[in-house]
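Results of the structural survey
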Amino acid sequence: MTEILRVEHISRRFGGLLALDRASFTADEGRIVALVGPNGAGKTTLFSIITGFLKPTEGRVFYQGAEITGEPPHLIARRGIARTFQIAQPFTGLTVRENIAVGSHLSRPSRASALAAAEDVADAVGLSAMLETPAASLTVAGRKRLELARALAIEPRLLLLDEVLAGLNPSEIRDMVPVIQAIRARGITIVMIEHVMQAVMSLAEQVFVLAEGRMIAMGPPLAIAADARVIEAYLGHGAAQRMRGAAHG
Amino acid sequence: MRSYGGIALVVAALACVPLLTASNVVLNFMVVALLIALVGQGWNVLGGYGGQYSFGHAAFFGTGAYVTAILQVRYGVNAWLGLVIGIAAGALVGAVTGVLSFRSGLRGSYFALVTLAFAEVLRIVASVAPITGAGVGTLVKLDLRWEAFQFQSRAPFYWIILAFVAVSLLIVKRIEGSRFGAYLVAVRENEDAARAVGIDVVRVKLTAMILSAAITAAGGCFYAQYFLFLDAGIAYGPWISVEALLAPIIGGIGTIYGPLLGALVVKTLGEITKLMTGHAPGLDLVIYGAVLILVVAYAPRGIAGLLRRRT
């Protein structure tokens, strides 16, 4: 399986805070990879570095074998890497269709064809009924879908999803999981930051765990869930041992 | 009024004004209103569609005006050629201002302050530089021939400024239906989201600024030919920067007819104030200020926004 993304020893310092400490991970083409970890672990910072919004203090990022470290965000997007934002960033004054069309324009210079292409994308994320709705009046779930739609509209090869399920209720999450699976089925590689573990378990094939800026574990979801280092990162020092003790006793 | 037909209709209706009245007062009023509409449309491209509020469009207006006038007076260049060079010079000033402010990432009020500073620097330079006539000003020689872009009566001036306005409307209409227009609005709405979908934000802003400056400079060139006199306070003074943003904000920011609508309303208000107060200096500015506050508070999309909501 070919590697589409490779992140090598990325560090990022904000003043006295080392947000990322030589974090590395890779994503294979066509997979769904999850990036998990406690709040403040540096997951979003890592996404921002991959997509060029932040420059790393050290380390390198490779996409399809080429180094892209420090390239500006618009060039990285044009290479085929799309991202969503943790806090949805719609173009509030525009309709859903217009929002998506801004993304479609990347490969379609004509306004009419970009607006038309937005329909297919809206369809893929279940926003067809709201094409003419102003983005400002969407619900949280609607905004998350719009984030996803706009990212898909640039026709990426690699999609970075930053907590697209956060803030959704259980039934909205159930609706969203097949949407993400369908995107992967189109051959798009997905790297997702996610706190909703039930979704991580059902979607991801490979999980990386980031804690305090360091990559502390990697593996298939079930192995990760049982990993002592991961449990301790979430629940505190000694938690894994106590849990095991409780299970046996 | 969603198509080019709408523009044709509006322009055709306005073109009839000189046929209905020969009154110099009316025509003069309309010429000035259309001039403000043009300058305001320039501001609207950058401020309305691109969300980059400039307080210094005088920099482009004054450059267009001075370049046209000085080329004629000092170098004997034909006025029409002067117009073309004046527009180009205004665009160049826009490019330089844009590169300096956008490349260093200035946004919002910082951008506004930098544009204001640029205009003020140019005003001060123009008020002492010998080439502009310094304190005396620049007088364009009276030469009432169309080859010299001067006319005996007001009507030809009126039709020419109307033609400029028509071109500006067509440009904006074209922008609205283009990828560049979609990108410009995206940049206004959310720069980070724009970057994430592959938009070169600096380039989009810069293109808008150059276009905006060129349109506003065309207004300056026309001013020089119509009034035949310039000094630093006229060409680079804050008055024109204020008119440039007042018209689109009151008429409807980021709408194609906003600047035209706003210019007509603002100028009419100004005239009424003058009539009622017997030309008390500065009172029209007080009225402008009050209207601006009312619009921002109760009709953030301007008159055009109010009309759209009603229909």
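The structure we're discussing is the one just above.
An account of the accompanying structure is given in this report. These numbers were taken from a predicted model, which means no experiment stands behind them. (Residues numbered from 1 in each chain as written. Chains lettered and ligands numbered in written order. Predicted model: local features only at pLDDT ≥ 70, side-chain atom pairs only at ≥ 80, totals over all residues.)

Examining the packing of helix H12 (residues 238–251) of chain B against helix H14 (residues 283–298) of chain B
All names here are of chain B. Relative to each other, H12 and H14 sit at 40°, their axes nearing to 10 Å. Classified by the angle between their axes, H12 and H14 sit oblique to one another. The crossing of H12 and H14 is left-handed. When H12 is examined against H14, the residues Leu 246, Ile 249 and Ile 250 are found in contact with a partner set consisting of Tyr 288, Val 291, Leu 292 and Val 295. When its residues are assigned to classes, the contact of H12 with H14 shows seven nonpolar, no polar and no charged. (Axes fitted to C-alpha atoms, helices over the stretch in contact; angles between N-to-C directions. Helix = DSSP H or I, 4+ residues; strand = E, 2+ residues; numbered from the N terminus. Parallel < 35°, antiparallel > 145°, perpendicular 65-115°, else oblique. Left-handed = near helix turned anticlockwise from the far one by under 90°. Contact = placed C-beta atoms within 7 Å. Nonpolar A, V, L, I, M, F, W, Y, C, P; charged D, E, K, R; others polar.)

With respect to the nonpolar core
Ala149(A), Ile190(A), Leu34(B), Leu38(B), Ile161(B), Val165(B) and Ala217(B) are the most contacted members of the largest nonpolar core, which totals 174 residues. Sort the elements by how many residues they give to this core and helix H10 (residues 201–227) of chain B lands first, with 15 residues. Discounting chain neighbours no more than four positions away, the residues touching Ile190(A) are Ile32(A), Val33(A), Leu159(A), Leu161(A), Ile180(A), Ile183(A) and Arg184(A). (Core = buried A, V, L, I, M, F, W, Y, C linked by C-beta atoms within 7 Å. Buried ≥ 20, exposed ≤ 12 C-beta atoms within 10 Å, placed from the backbone.)

Describing the pairing of strand E8 (residues 189–193) of chain A
Residue and element names in this part refer to chain A. In terms of residue burial, E8 counts as a mostly covered element, since five of its five residues are buried. Burial along E8 is two-sided: the face carrying Thr 189, Val 191 and Ile 193 and the face carrying Ile 190 and Met 192 are both buried. As paired strands, strand E3 (residues 32–36) and E8 are joined by four bridges and run parallel to one another. The partner of Leu 35 across the bridge, within E8, is Ile 193. Strand direction decides the pairing type here: strand E7 (residues 158–162) and E8, joined by five bridges, are parallel. Residue pairing across strands places Leu 158 opposite Thr 189, the latter belonging to E8. (Pairing = 2+ DSSP bridges.)

Looking at helix H6 (residues 108–128) of chain B
Residues and elements named next belong to chain B. Relative to the 30 Å expected for 21 residues at 1.5 Å per residue, H6 spans 31 Å between its end C-alpha atoms, a close match to the ideal helical length. Residues of H6 that are buried: Phe 111, Thr 115, Phe 118, Ala 119, Leu 122, Arg 123 and Ala 126. Projected down its long axis, H6 carries its buried residues within an arc of 130°, all on one side. Facing away from the buried side of H6, by more than 90 degrees, are the exposed residues Ser 109, Tyr 110, Ile 124 and Val 128. The inward-facing, buried residues of H6 abut helix H4 (58–75), helix H5 (79–103), helix H11 (232–235) and H12. (Expected span 1.5 Å × (residues − 1). Arc of directions from axis to C-beta.)

Overview of the interface of chain B and chain A
Taken residue by residue, the interface counts 17 residues in chain B and 20 residues in chain A. Those elements giving two or more residues to the side of chain B that touches chain A turn out to be helix H8 (179–189) and helix H9 (191–196) of chain B. Considered class by class, the residues forming the side of chain B that touches chain A number eight nonpolar, four polar and five charged.

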